[in-house]
Amino acid sequence: MGIEDASMRNGRALSDQWADSVVVRPRTTEQHITVHKRLVLGFAISILTLIIVTAIAITLSVSFERCAAESSGALAANGSSNSKWKQSRDGNISHTEDGQQPWRHLRLPATLRPRHYDLRLSVNMENFSFSGEVNIEFECVNSTKLIVLHTDRLEVEKVLVFSDSKKAGVMRIQRRFHYQPKQVFVIALHREMKPLRTYKINITFHAHTEHELLGFFRSSYVLNGERRFLAVTQFSPTHARKAFPCFDEPIYKATFRVSLKHESSYQSLSNMPVESSTSEEDGWVTNHFSRTPRMSTYYLAWAVCNFTYREAVTDNGVVIRLYARPDAIQSGSGDYALHITKRLLQFYQDYFKVKYSLPKLDLLAVPKHPYAAMENWGLSVFVEQKILLDPDVSSFSYQMELTMVVVHEICHQWFGDLVTPVWWEDVWLKEGFAHYFEYIGTDFLFPKWNMGAALIRMLANVMGQTLFQRGLNDYLMTHMYGNAARDDLWNKFSEAMQREGKDINITQVMDRWTLQMGYPVVTISKNDSLDNSVTISQEHFVYDTDAKIQNPELFNKSFQWQIPLTFAVGNSSHISTETIMWLANKTERHRVGHMGGETWLLGNINQTGYFRVNYDLHNWRLLIQQLMSNPKIISVGNRAGLIDDVFNLARAGYLPQNVPLQMISYLSQESEFLPWHAASRALYQLDKLLDRTEDHSLFSDYVLRQVEPKYHKLGWPDTSPDGSFMQAAYQAEELQREVIMLACSFGSKHCHRHAVSLISDWISSNKNGIPPNVRDIVYCTGVSLMDEDVWEFIWMKFHSSTAVSEKKVLLEALTCSGNVFLLNRLLNLSLTSDLVPDQDVIDVIIHVGRNPLGRHLAWRYFREKWDILNSRYGEALFMNSKLISGVTEFLNTEAELNELKEFILSSGGESAPAFARAVEIVQANVKWHILFQQPFYRWLRKAPDG
């Protein structure tokens, strides 16, 4: 699943949370979601995804519950399959019927196990309703009179239960009822169902296709002036129950046969190909889809639409189709994603040594969706902005973001669809690996893009690629069409290591990283003794060290990791080969070879480890001197890592505030994109803290002095782009873009004049010659500096453009205005009219908040419209979390912190993880101002002009 926001409580996610909020003043611009933020420095992606989805599961009342009763109803053994079933249900409450009411528990009772669903739906696109009939074949595991399964917002009409065993026939139902607090439907029978026997239940029902973005929901788009409708599913994590009665937990895998009836003017899609089709006399048609493999309910999918498609076929016969609006297909906007999907299917088959399991893979581009994408098996659904690409107007950044989303979702066809986590606590097993393969897969497609990743990259580096791939293959082959927990994967990796004589217990190593919150900071200090030794210590890295005292249970001081620390020493002309040492204790002493007075130390070589590294101040000064004199002695990845670490360590109070500012004084010599990108992320974070302070110009002037030499050297891209994506030029193009963005953001008059001239030329000629890679910068800068007519011009272009990437950039540019009236107008139009698509409303509010002149507007608007926003997006918690973090992360005064706390109390949001996270961020912002603002500006006043 493409994840849109991060709600991890601390650790590297906070760095990225700040980094993703780059826009500063109204004269600046920023690309809201740039995948560069997931390059070598793409911290915490895998772990924070686990935290997000676990939090969501808790909020949705399906969270994992442990109690002493879990062992009281152990499942009957039935060969290896039942043993596995019992093992995988650890943590579930096993329910007996001696006084218990299993429908009140958070998990379904383990007494029944579904085998097959026969689901028939009739979908009415005129009145947005559907009716259905489901036949579920299930096995009784433990004797019971109760059938408990999930339903939500379904009107159940008729229920029949059949026995297929010795006394075949209809079973008498004593009582049936909904228990809405747990979204379950309960059927109490007159007599018990017996273990190892098979039964069937038949349920007829009806419901509405909802306007919200979960379950079976409707959407629309305009084609040739006519509004057209479609309906599509989104069942992850717990919304299949909104579309049909089912055992809606990932462990309850079964096969499915789906039939969809609808008007013949529409077509329907599902996970499998159409097996047969029946035309009705009333102008309706029924499509019968082939039986699926065993799969979890949340990966079942279908859609009813009138899209068209483009097709490709892999060498081994898998049919790939990309479905989208007819005008998008006709323009070729889906061709790029279709092309890379074909290559990726073959790549993953070769890498995992496991064939893709289905005969087809459909990619469906929908106008709105709660996530970037959803990896339904054989029918992956993408929001249009993440899969449609127009090379004439799309930037390199947009292409890379789209590429990584597609790579991510295709990986899920193995990690997630084929092998599914037992429960949401192990969602890391699919999301972590899909995020890792964003980089591996993208590197396969475009080797010169220089990708890298975080936690799993560290594991692969420790194991070596051959053993890593062998462990993955064993894991997939053992658990295909089933479920797995994290120990299943770690054990396969340990076995692969042991077969090569390497005695490393991967479970012990990785549990420290996946079960503990956050990640460590490793501090390396030279000793004064003459034995060439260093002291290396580890501690839990947090941005607010007081939090450890205020909340000792959450920020456990005993957190400890097994850390594979790569290490090198160097001087002005040479760096040693790296060595690796395992750091297992809080503090250790190691000898590292000869070290002179001018020898510096460097840890975490090429950022293969998932941790930060700090040094004593003398070592930091030596590293800064090295960067100033000859930066290329230190690799590109390490230069980027040093910049990211030094700013975040200073942000958290581990280092004086002047150290990162001194480090970036070398940037005029930096010719690579990654260090510049790391610097820009950090500088925008600081600017967000400082942009409303009296001495802000001291900071912006200092940054501009570091940026302008490179800006004038690189210049602007050609105003007549050929529209082609040349991968070899990617890094150079992105470096130029990064520097231009910094120059315009921090007030370069030359940058402003050039942006204004490009906008003026466009308006006068009505021909857009602005290079795609800098359009967002130019549009935003023009809107912020020019008059209201320019805003109206961009508004008009937003409505007339048909390219989804261009519409996104134009809409975000409108939020850059310095005119409060226009910002208010945009906020109101976005929520109360059809002029702004539903999926863009949240982005409008967030981006207005990123404009310092609109910050108070967005914050006030968010509070005033909370009830409307919460009713529209409340259950789509990823979007809701994104909104909450987006409008609060810029708050940094004591008054704003109090406003936030008061609003949480008045809105009843005390239990929402996103609000708790928001309070932590704003508290950290306020604390930074109290502790560090004055020394920060004091150093800037004395800083050299060069």
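Visitor: How should I be thinking about the overall build of the chain in this particular structure?
Guide: Looking only at helices and strands, one finds 29 helices and 29 strands in the chain. Among the 946 residues that make up the chain, the fraction classed as buried is 64%. Sequence-distant contacts in the chain: of pairs separated by 6 or more residues, those separated by 24 or more amount to 73%.

Visitor: What should I look at first to understand the pattern of salt bridges in this one?
Guide: Side chains bearing opposite charge may pair, as long as their charged atoms lie close to each other. All chains considered together, the criterion is met by 38 salt bridges. We note a salt bridge from R115 to E139, for which the minimum N-O separation is 3.3 Å. You can see R115 sitting in strand β1 (residues 112-124) and its partner E139 sitting in strand β2 (residues 129-140), a full 24 residues away along the chain. Classification of R115 as partly exposed rests on a relative accessible area of 39%. Linking E495 and K492 is a salt bridge whose minimum nitrogen-to-oxygen distance equals 3.9 Å.

Visitor: Looking at this model, I keep getting lost on the sheet that holds strand β9 (residues 215-223). Mind explaining?
Guide: With antiparallel pairing, the 4 strands of this open sheet are ordered in space as β9-β10-β15-β12. The sheet is open, and its two edges are formed by β9 and β12 (267-270), each paired on a single side. Put simply, the sheet's adjacent strands are angled 15 degrees from each other on average, direction ignored. The pairing of strand β10 (residues 226-234) with strand β15 (residues 302-305) spans 2 bridges and is antiparallel. For V232, the partnering residue across the bridge sits in β15 and is A303.

Visitor: Would you explain the sheet that holds strand β20 (residues 379-383) in this entry?
Guide: By way of backbone hydrogen bonds, the strands of a sheet pair with one another, either parallel or antiparallel. With mixed pairing, the 5 strands of this open sheet are ordered in space as β16-β17-β18-β20-β19. At either end of the open sheet lies a strand with only one pairing partner, and these are β16 (308-313) and β19 (373-374). In terms of strand pairing, strand β17 (residues 319-324) meets strand β18 (residues 360-366) through 5 bridges, oriented parallel. Bridging across to β18, I320 finds its partner in L361.

Visitor: Whenever I open this one, the environment of H574 confuses me. Can you help?
Guide: Structurally, H574 can be placed in the loop between β25 (563-570) and β26 (579-583). Between the alpha carbons of H574 and I634 there is a distance of 9.2 Å; along the sequence they are 60 residues apart. Setting aside residues no more than four positions away along its own chain, H574 makes contact with V569 and I633.

Visitor: Could you clarify how one ought to interpret the packing of aromatic side chains in this entry?
Guide: Each aromatic ring pair is specified by the distance between its two centres and by the angle formed by the two planes. Inspection of every chain in the model, using the stated rule, returns 63 aromatic pairs. A ring pair is formed by Y351 and F437, whose centres lie 5.1 Å apart and whose planes are at 85 degrees; its orientation type is edge-to-face. Of this pair, Y351 sits in helix α5 (residues 335-352) while F437 sits in helix α7 (residues 428-445), and the two are 86 residues apart along the sequence. Accessibility classification places Y351 together with F437 in one group, the buried group. Arranged with centres 5.7 Å apart and planes meeting at 15 degrees, the rings of W791 and W795 form a pair that is stacked. Of the two residues, W791 and W795 both sit in helix α21 (residues 788-800), 4 residues apart, roughly one turn of that helix. W795 gets classed as buried once you look at its relative accessible area, which sits at 9%. When the ring centre of F541 is taken as reference, the NZ or CZ atom of R612 above it lies at 5.5 Å. It is K688 that lies over the ring of F890; its NZ or CZ is 5.4 Å from the centre.

Visitor: Explain the nonpolar core here, please?
Guide: For soluble globular proteins, nonpolar side chains are generally found buried alongside one another. The biggest cluster of nonpolar side chains holds 275 residues, and the ones touching the most others in it are F244, F352, W414, F468, W513 and F699. In terms of residues, this core owes the most to one element, helix α29 (residues 913-942), which gives 12 residues. Each residue touching F699, except ones within four places of it in the same chain, is listed here: L661, L683, L686, D687, L690, F746, F936, Y937 and L940.

Visitor: Can you walk me through the state of the cysteines in this structure?
Guide: When the sulfur atoms of two cysteines share a covalent bond, that bond is a disulfide. Under the criterion given, the structure shown has 2 disulfides. C780 shares a disulfide with C816; S-S distance 1.9 Å. Looking along the S-S bond of the C780-C816 disulfide, the torsion reads about -105 degrees, which is the left-handed sense. On the criterion of sequence distance, the pair formed by C780 in helix α20 (residues 775-785) and C816 in the loop between α22 (804-814) and α23 (820-832) is long-range, its members being 36 residues apart. Neither C780 nor C816 differs from the other in exposure class; each is buried. In the chain, the bonded cysteines, taken in the order they occur along the sequence, pair up as 1-2, 3-4.

Visitor: Would you mind showing me how to read the packing of α5 against helix α6 (residues 396-412) here?
Guide: Working note: a packed helix pair is described by the angle between its axes plus the distance between those axes. It is the contact of α5 with α6, at a shortest axis distance of 10 Å, that shows an interaxial angle of 45 degrees. Compared by their axis directions, α5 and α6 come out oblique. Handedness of the α5/α6 crossing: right-handed. Residues Y336, A337, I340, T341, L344, L345, Y348 and F352 of α5 form the contact with α6, whose own contacting residues are Q399, L402, T403, V406, V407, I410 and C411.

Visitor: Which parts of the structure should I look at to understand the confidence of the model for the chain?
Guide: Do not read the predicted coordinates in detail wherever pLDDT is low. In the predicted model, the chain carries a mean pLDDT of 84, and 85% of its residues have values of at least 70. Here residues 3-99 is modelled with pLDDT under 50, and outside its nearest four sequence neighbours on either side it reaches 322 contacts, counting other chains as well. Between residues 721-728, whose pLDDT stays under 50, and residues either more than four places distant or in other chains, the model counts 18 contacts.

Visitor: I keep staring at the pairing of strand β6 (residues 173-179) and nothing clicks. Help me out?
Guide: Side chains on a regular strand alternate between the two faces of the sheet. Strand direction decides the pairing type here: β6 and strand β7 (residues 184-193), joined by 6 bridges, are antiparallel. Residue pairing across strands places R175 opposite A188, the latter belonging to β7. The hairpin formed by β6 and β7 contains 4 residues between the paired strands, and Q183 there has a positive phi angle of roughly 55 degrees.

Visitor: I keep staring at α20 and nothing clicks. Help me out?
Guide: A turn of α-helix holds 3.6 residues, and therefore any two residues three or four places apart point the same way. For α20, the buried fraction is high: 10 of the 11 residues fall into the buried class. Among all positions of α20, only R775, D776, I777, V778, Y779, C780, T781, G782, V783 and S784 are buried. Those residues of α20 hidden inside the fold are in contact with α18 (730-745), α19 (749-765), α21 and α22.

Visitor: What's the story with α21 in this structure? I'm lost.
Guide: Under the 1.5 Å per step criterion, the end-to-end length of α21 is 19 Å for 13 residues, consistent within 8% with the ideal 18 Å. Among the residues of α21, V790, W791, F793, I794, W795, K797 and F798 are the ones counted as buried. Contacts made by the buried residues of α21 are with α19, α20, α22 and α23. Between the side-chain oxygen at the start of α21 and the backbone nitrogen of D789 there is a gap of 3.1 Å, and the oxygen is on D787.

Visitor: I tried to follow unusual backbone geometry on my own but got confused; where do I start?
Guide: Glycine aside, residues mostly have negative phi angles, and peptide bonds mostly take the trans form. In the segment running from S236 into P237, the intervening peptide bond is cis, with an omega of 0 degrees. Its place among the elements puts P237 in the loop between β10 and β11 (255-263). Positive phi outside glycine occurs at L196, with the angle close to 70 degrees. By secondary structure assignment, the location of L196 is in the loop between β7 and β8 (198-208).

Analysis parameters
- Residues numbered from 1 in each chain as written.
- Predicted model: local features only at pLDDT ≥ 70, side-chain atom pairs only at ≥ 80, totals over all residues.
- Heavy atoms only, no water.
- Helix = DSSP H or I, 4+ residues; strand = E, 2+ residues; numbered from the N terminus.
- Buried < 20%, exposed > 50% of the residue type's maximum accessible area, 1.4 Å probe, protein only.
- Contact = heavy atoms within 4.5 Å.
- Salt bridge = Lys/Arg side-chain N within 4 Å of Asp/Glu carboxyl O.
- Pairing = 2+ DSSP bridges.
- Axes fitted to C-alpha atoms, helices over the stretch in contact; angles between N-to-C directions.
- Phe/Tyr/Trp six-rings, centres within 6.5 Å; stacked < 30°, edge-to-face > 60°.
- Lys NZ or Arg CZ within 6 Å of the ring centre and 35° of its normal.
- Core = buried A, V, L, I, M, F, W, Y, C linked by side-chain atoms within 4.5 Å.
- Disulfide = S-S within 2.5 Å.
- Parallel < 35°, antiparallel > 145°, perpendicular 65-115°, else oblique.
- Left-handed = near helix turned anticlockwise from the far one by under 90°.
- pLDDT = per-residue confidence, 0-100.
- Expected span 1.5 Å × (residues − 1).
- Polar contact = N/O pair within 3.5 Å; in protein donor to acceptor, adjacent residues only side chain to side chain.

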